[in-house]
Structures are given as C-alpha cells and as structure tokens.
Amino acid sequence: MGIVKISDPLHESLRLASQALSRSINAQAEHWMRIGMLAELHPQLSHSDICQLLIRAEQEGGLDLARLAGWSQPAKAKGARA
C-alpha cells in the first residue's frame, strides 16, 4: 500500500462521489482506478461491459486485475502437465 498524491479538485470530486455512492474516499478512488485501467486496456468495452466483467470476476472467486488485464497466466489445475 502506498500514498498517491492527487490534486485538490480531484480529491473534492472523490469526496462528493464517495458520499453519494456510500463508499469511503479510498474505495471510490480504487473503483475509478479499476474502471479506468480496464477501459484503457479494453477500449472496445462500454462502461456497462466493464462493470459486468468485474461482477463476473467477483463471482469466480475474486477480482484479479492482473488476470483480467492479461498480465498473468491462469493457474494450472492440480496434476496438469505442462
């Protein structure tokens, strides 16, 4: 975990959005970062598509952004040969 410095106007936007959506400021920032990263990696997807992708990922055991982004290989099944 680290500290990210952002501008005052963006922090104010985070504060307002977090209150409106019943999230902490950190949770709102993390949400926007997830959506933004996936939008950049998959420009063909709409916001709705990205939200559905995130929901499916959560249903499959949790969000793994590296896997969703294609940065890591899926885990091999036990006993599987290379």
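The protein chain goes by ParD-like family protein in an unreviewed UniProt entry, where it is assigned to Pelomonas dachongensis.

Caption draft 1: The arrangement of the layout of surface pockets in detail. Estimated volume of the largest pocket: approximately 430 Å³. Lining the largest pocket we find 14 residues, and of these Val4, Asn26, Ala29, Glu30 and Met33 sit closest to its centre. Residue assignment for the lining of the largest pocket shows that the elements contributing at least two residues are helix 1 (8-20) and helix 2 (25-41). Looking at the lining of the largest pocket, its residues break down into 10 nonpolar, three polar and one charged.

Caption draft 2: Up close: the packing of helix 2 against helix 3 (residues 47-59). Following both chains from N to C, one finds helix 2 and helix 3 inclined at 110°, their axes separated by 10 Å at the closest point. Taken as axis vectors, helix 2 and helix 3 run roughly perpendicular relative to one another. With respect to the hand of their crossing, helix 2 and helix 3 are arranged in right-handed fashion. Here Arg34, Ile35, Leu38 and Ala39 of helix 2 come into contact with helix 3, specifically with His47, Ile50, Cys51, Leu53 and Leu54.

Caption draft 3: The arrangement of the packing of helix 1 against helix 2 in detail. Contact geometry for helix 1 and helix 2: axes closest at 9 Å, N-to-C directions at 105°. Between helix 1 and helix 2, the crossing angle belongs to the class labelled roughly perpendicular. Between helix 1, through Leu10, His11, Ser13, Leu14, Arg15, Ala17 and Ser18, and helix 2, the contact on the second element is made entirely by Ile25, Gln28, Ala29 and Trp32. Among the residues forming the contact of helix 1 with helix 2, the class breakdown is six nonpolar, four polar and one charged.

Each value, and the rule that gives it
Residues numbered from 1 in each chain as written. Predicted model: local features only at pLDDT ≥ 70, side-chain atom pairs only at ≥ 80, totals over all residues. Heavy atoms only, no water. 1 Å grid on protein atoms, 1.4 Å probe; cavity = no way out; pocket = protein on both sides within 12 Å on 5 of 7 lines; lining within 4 Å. Points joined across faces, edges and corners; volume = space filled by probe spheres on them. Helix = DSSP H or I, 4+ residues; strand = E, 2+ residues; numbered from the N terminus. Nonpolar A, V, L, I, M, F, W, Y, C, P; charged D, E, K, R; others polar. Axes fitted to C-alpha atoms, helices over the stretch in contact; angles between N-to-C directions. Parallel < 35°, antiparallel > 145°, perpendicular 65-115°, else oblique. Left-handed = near helix turned anticlockwise from the far one by under 90°. Contact = heavy atoms within 4.5 Å.

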